[in-house]
Every structure is written in structure tokens, then in C-alpha cells.
Amino acid sequence: MNRLSLKFLGGAGTVTGSKTLVTFNGQKVLVDCGMFQGVKRLRKQNWDDLDDVNEITDVILTHAHLDHSGYLPRLVKQGFKGAIHCTSITARLAEIILMDSAKIQEEDAERANRNNYSRHPEAKPLYTVEDVKVCLGQFQEHDFGEWVVPGIDLRFVFLPNGHIPGSAMVEMHAEKKVLVFSGDVGRLKPLIMAKPGRLPACDLLVLESTYGDRLHELTPPAEQLEAAINQAVELKGQILIPSFAVERSQEVIYLLCYLMLHKRIPKLKIYLDSPMAAAVSEVLVDYYDFVKEENLMRVMVQQLEVVSDHRASRAIVHMREPKIVIAGSGMITGGRILHHLEAHIDDPKTTVILPGFQALGTRGHSLVSGCNEIKFFGKYYPVKAKILQMGGLSAHADREELVEWIKQGKALPKRIVLNHGEMDASDSLRVKLEHEFNIPTSIATENMEMILDF
Ligand SMILES: [Zn+2]
């Protein structure tokens, strides 16, 4: 008898560290290989080795975000020699994201050692640029819809799921059993992405639940951003937008230029102070339709300045005139935004607009929760700036959209297991799905093993 089992090694009870080990007929493949972020208990797990790394033959990567890809260099360092399968755009984005992550970690370790604020005798990066280069050599690119056969009676295909460019759900066939890993599901009416494809018929759906207990704000993102910027302009201070480099930064730039074009906000200089977001934008120029709109492009050329050089970045930090700065990282876990915050977070004229999800334990989460000081570079900084969170600009489907996406699928899944969500969000979605569809639904917990009988 063939044995099929799933083990949830990450992204269970949390939104980070996504890793699901699939074992079929003794063969082991890993779906996603993400880095833990946020609270320290989770982050510490990035330093743990995975069991039986040598037995894993393949990694299937749903998309390039760090919480799905960020552990790959560590896996390779532990001896993983197999293929890392993904779509072509994911491969290009993952290269940028992993390289940036390695650089940030090397810089953080170096700074901690220099200033001696690490509690460890010597701070070390989780992985280096060299480690990432080795890992990238194992990537194998596939088209959407192309079947990949990693083992006997085991095959899978990437299908678009509308979350970020290149992102996919995975339909996997283990002999006669069909599993679908949703990956991060995008919005049903996205701003600049294509909407998610239809859910295939399956025996088991592993479904993300990031927004399982929430609905996105109904106010359109353009209106939210318009109000936030106009409010900030009255203060005559800095407007800082910590943003994810992939998709979110491009969305924010698109909206800002759109609002400027239609005179709904004043023309302000926009600095994209994120070499990663700049590199991503270059990769995605062919991908987004809005770059074909001439009037919008004109505003973009006039107002947008891409800052890649370190020294130029420092100069911009200290420019006093009102401006908009978009810089990584999206949840303020690192990156150039920290230098801007260091200079301006204690100024009541500053406005910080958070356009993305803020995971528990991140500085972004502390800010939206109303904390009066935040810690970085080994110091506490008083928070006097105005903090605004935008809810409408998510790359994740909300509760209703997830339900609707399942409804519009080719058939209802026979069983659902929820991952990639904080416990409250997953549980609330579990109740809703059971009520709506009467499908047995469970919640993945850390290291939970699920055996699927034939
Ligand atoms: Zn994602």
C-alpha cells in the first residue's frame, strides 16, 4: 500500500516559515522553504537544521516571498542537492530577494559586531551571498501548466494564483490522490495583478489563512492613500512608506502617480530607496499593463527617483523638505527604512504609512499597535510620528474572497487543512468553511503530521 503523508514544518500557527514536507512511497518533497520572521521563538528556528535533509529530493516553491523561500540557502548548506522547482518569474524574483536577504544579514551581523550590541560573542549571518549563489544553481524553471514528475506516480503542476508575479498554487498528484497547495492566494479583484485561477478538484486542499478572520477595507486603496497623503501634506513633514519590494512597492508607486496625474494629491518627489524594489520593478516592466499608460508614465518619470547608491540614500534621509520615501522592508524587520525612521520617527510632523500586513513581533506590528517607542540598531527611539495603516492594499485574499474562490472552483475539495495564519485567523476561517461547505477542515499546527489513506 502506498503511503502519503504531510508534515507541517513551518507556516503552521503563524504566517512565516512556510514548509510542508510531503512523503509519498518513501520519497520526500518539500513544498516551500520559508524563513521564520517576527517573534524571537520563531526566528530562532531558522538556525535549526531540518531532519533528514538528504532524503528530500525536490523543493517546490510557490512564490518568491522570503516567508516561502528564505530558508532555501540554509537547506542547501545542510546538504540538500536536489532541484528547486518554480516558475521563471519566481526564479528571477527569488534571486533578488535572497541576495538582498543575505546582504542584510551580513550587514546586520557586521554592525552588531562593530557596535557590540549582539548578546552572542560573535553575530553571524544566517547565510551569506555566497550561500545564495550556490542555492540559485539548483533552481529549475517551469511554465504554468507544465507537468513536472519528481518521482514514480508523483507529479505536479504550477497554476496561477494571483498573489504576486510568478506566484502559483501547486496541484500535486500522488498516484490517484490529488493535493492542492494554495500558496498565498491573491485578491479576486486585484489592482494590478491578474486574478487567481480556478481551484482544481482535489482530495485535500492546503489553504492559506492569513486573513481568515478579516475582511479588507471596502474603501478603495486609491481613496485611502489619497486621504493619508493629503493629511500628511498638511503636516509638512516626511512621508515614509515601508513597503515590500515585490508587488507592493510597484502598486504604491502606481497609485501615487495615478493620484498625482488626477490632481488628487499634490506633486511630491517620490524616492524609491530600495535597490531590491528597483531591481524587481525592472524584472516586472514587461509584466504589468500600467507601464503602457503614457500619461501615467510621464508622471512617473517626473516624480519618481530610484535610489540605489548607499551614499545617495543617506543624503535623502537628511533632506528636510517634504517628500515621499518608499523603502524596505515591508514589516520594518530591516532594510533602509530603518535609517529614515532613525532620523524622523521622533518628529510629530512625520507620517508613516504601512501599506501591508504586519506580522506579530515585527516593528511594523508594534507601530500599528500604538507603541510609544521602537527598538533598532541596539537603541530605543520614541515614536512621535503619525502612524497610518492601509488595509485595502493586500496581496492576500480576505475571508470572503477565500470562500468565494473555493465556491468558484471546479469542485469542492473533499478535505481542507489550513496553514499560513495566526491561530485566531485560521480557526475563524475553519468555522466559516465548515459552515459554508460542510467540508472537514482542520488547522495545521507546528510539526503536525497528516496521513492520507488510500
Ligand atoms: Zn507571499
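On a predicted model such as this, the values are computed, not experimentally measured, just so you know.

Cut-off values and rules
Residues numbered from 1 in each chain as written. Predicted model: local features only at pLDDT ≥ 70, side-chain atom pairs only at ≥ 80, totals over all residues. Heavy atoms only, no water. Patch = residues over 30% accessible without salt bridge, like charges linked within 9 Å, V, L, I, M, F, W, Y side chains within 5 Å. Areas by Shrake-Rupley, 256 points an atom, 1.4 Å probe, with all protein chains shown as cover. Salt bridge = Lys/Arg side-chain N within 4 Å of Asp/Glu carboxyl O. Lys, Arg positive; Asp, Glu negative; His and termini not counted. Charge placed at Lys NZ, Arg CZ, Asp CG, Glu CD. Helix = DSSP H or I, 4+ residues; strand = E, 2+ residues; numbered from the N terminus. Domains from an automatic or database assignment. Contact = heavy atoms within 4.5 Å. Buried area = accessible area lost by both parts, 1.4 Å probe. Polar contact = N/O pair within 3.5 Å; in protein donor to acceptor, adjacent residues only side chain to side chain. Nonpolar A, V, L, I, M, F, W, Y, C, P; charged D, E, K, R; others polar. Pairing = 2+ DSSP bridges. Axes fitted to C-alpha atoms, helices over the stretch in contact; angles between N-to-C directions. Donors = N, O, S within 2.8 Å, 3.2 Å for Na, K, Ca; no water. Tetrahedral: all angles 85-135°; square planar, octahedral: opposite > 155°, others 65-115°. Phe/Tyr/Trp six-rings, centres within 6.5 Å; stacked < 30°, edge-to-face > 60°. Buried < 20%, exposed > 50% of the residue type's maximum accessible area, 1.4 Å probe, protein only. Lys NZ or Arg CZ within 6 Å of the ring centre and 35° of its normal. Parallel < 35°, antiparallel > 145°, perpendicular 65-115°, else oblique. Left-handed = near helix turned anticlockwise from the far one by under 90°.

Asks: Could you give an account of a positive patch on the surface, with specific residues and numbers?
Replies: Taken together, the side chains of Lys40, Arg43, Lys44 and Lys375 present a region of like positive charge at the surface. Here Arg43 is to be found in helix H1 (residues 40–43).

Asks: Give a detailed account of the domain arrangement of the chain, specifying residues and quantitative values.
Replies: Taken domain by domain, the chain consists of domain 1 (4–214 + 395–452) and domain 2 (221–389). Its C-alpha centre places domain 1 at a distance of 27 Å from the equivalent point of domain 2. Contacts between domain 1 and domain 2 engage 27 residues on the former and 26 residues on the latter. Of the roughly 2400 Å² buried at the junction of domain 1 and domain 2 (both faces included), carbon and sulfur atoms supply 74%. For the domain 1 face of the interface with domain 2, the top three residues by lost area are Ile96, Leu191 and Ile192, together amounting to 25%. Here domain 1 and domain 2 share 0 salt bridges between them. For the interface between domain 1 and domain 2, the tally reads 0 residue pairs in polar contact (both at pLDDT 80 or more). Broken down by class, the residue content of the side of domain 1 that touches domain 2 amounts to 15 nonpolar, 6 polar and 6 charged.

Asks: Can you explain the sheet that holds strand S13 (residues 270–272)? Please cite residues and give values.
Replies: A sheet is described by the order of its strands in space; here 6 strands give the open sequence S14-S13-S15-S12-S16-S19, paired in parallel fashion. Sheet topology places strand S14 (304–306) and strand S19 (386–389) at the edges, where each strand pairs with a single neighbour. Strand-to-strand twist in this sheet, taken as the mean axis angle between neighbours without regard to direction, amounts to 20°. Along the sheet face, helix H9 (residues 294–303) touches S13 and S14 and points at about 55° away from the line of S14.

Asks: Go over the coordination of the zinc ion with me, naming the residues and quoting the values.
Replies: The protein atoms donating to the zinc ion are His63 (NE2), His65 (ND1), His163 (NE2) and Asp184 (OD), with metal-donor distances spanning 2.2 to 2.4 Å. Angles of 90 to 169° at the metal separate the 4 donor atoms of the zinc ion, which places the site in the irregular class. All donors to the zinc ion come from one chain, and their sequence spacing reads H-x1-H-x97-H-x20-D.

Asks: Pulling in residues and values, what's your account of the sheet that holds strand S21 (residues 441–443)?
Replies: The strands making up a sheet associate through backbone hydrogen bonding, with each pair oriented either parallel or antiparallel. Taken in spatial order, the 7 strands make up an open sheet running S7-S8-S9-S10-S11-S20-S21, and their pairing is mixed. Looking at strand neighbours, the two that pair on one side only are strand S7 (147–151) and S21, the edges of this open sheet. Averaged over all pairs of adjacent strands, the angle between strand axes in this sheet comes to 20°, irrespective of strand direction. Of the pairings in the sheet, the one linking strand S20 (residues 416–419) to S21 comprises 3 bridges and is parallel in character. The partner of Val417 across the bridge, within S21, is Ser442. Seen against the sheet, helix H13 (residues 399–407) touches strand S9 (168–174), strand S11 (204–208) and S20 and runs at an angle of roughly 155° to S11.

Asks: Account for the packing of aromatic side chains, with residues named and values stated.
Replies: As enumerated under the stated definition, the model contains 8 aromatic pairs in all. Ring geometry for Tyr254 and Phe290: centres 4.9 Å apart, planes at 50°, overall tilted. Of this pair, Tyr254 sits in helix H7 (residues 248–261) while Phe290 is found in the loop between helix H8 (275–284) and H9, placing the two residues 36 residues apart along the sequence. The two residues Tyr254 and Phe290 agree in class, both being buried. Relative to Tyr288, the ring of Tyr287 has its centre 5.6 Å away and its plane inclined at 85°; by these criteria the two rings are edge-to-face. Each member of the aromatic cluster is reached from another via a ring pair, and the members are Tyr254, Tyr258, Tyr287, Tyr288 and Phe290. Note that Lys19 overlies the ring of Tyr71, its terminal NZ or CZ placed 4.7 Å from the centroid. Above the plane of the ring of Trp147 lies Arg155, whose end atom (NZ or CZ) is 4.4 Å from the centre.

Asks: Describe the pattern of salt bridges, naming the residues involved and giving the relevant values.
Replies: Side-chain pairs of opposite charge can arise whenever the charged atoms involved come near each other. Scanning the entire structure with this criterion turns up 21 salt bridges. A salt bridge links Asp289 to Lys292, with the shortest nitrogen-to-oxygen separation between them at 3.0 Å. Each of the two residues, Asp289 as well as Lys292, counts as exposed. Note that Glu434 and Arg430 form a salt bridge whose closest N and O atoms lie 3.2 Å from each other. Of this pair, Glu434 and Arg430 both sit in helix H14 (residues 423–437), 4 residues apart, roughly one helical turn. Among the residues examined, Glu434 registers a relative accessible area of 29% and is labelled partly exposed. Each of Glu400, Lys407, Lys432 and Glu436 takes part in a single network of salt bridges with overlapping partners.

Asks: Kindly report on the pairing of S9, identifying the contributing residues and their values.
Replies: Among the 7 residues in S9, 7 count as buried, and that is most of the element. The two faces of S9 match: Ala168, Val170, Met172 and Ala174 on one face and Met169, Glu171 and His173 on the other face are all buried. Note: S9 against strand S10 (residues 177–181), 5 bridges, orientation antiparallel. Bridge assignment links Glu171 to a residue of S10, and that residue is Val180. Taking the residues between adjacent antiparallel strands as the criterion, S9 and S10 are bridged by 2 residues, where Glu175 takes a positive phi near 55°.

Asks: Please provide a residue-by-residue account of the side chain of Asp203, values included.
Replies: With respect to the secondary-structure elements, Asp203 resides in the loop between S10 and S11. The class of Asp203 is buried, set by a relative accessible area of 15%. There is a polar contact of 2.7 Å between the side chain of Asp203 and the backbone nitrogen of Val178. If near-sequence neighbours (up to four positions away) are discounted, Asp203 is found in contact with Lys176, Lys177, Val178, Lys414 and Arg415.

Asks: Explain the packing of helix H10 (residues 310–317) against helix H11 (residues 337–344) residue by residue, including any values.
Replies: It is at 9 Å that the axes of H10 and H11 come closest, and there the two elements cross at 25°. Judged on the interaxial angle alone, H11 and H10 are roughly parallel. Relative to H11, the crossing made by H10 is right-handed. Where H10 approaches H11, its residues Ser313, Arg314, Ile316 and Val317 are matched on the opposing element by His339, His340, Ala343 and His344. Here the residues of the contact of H10 with H11 are counted per class, giving 3 nonpolar, 4 polar and 1 charged.

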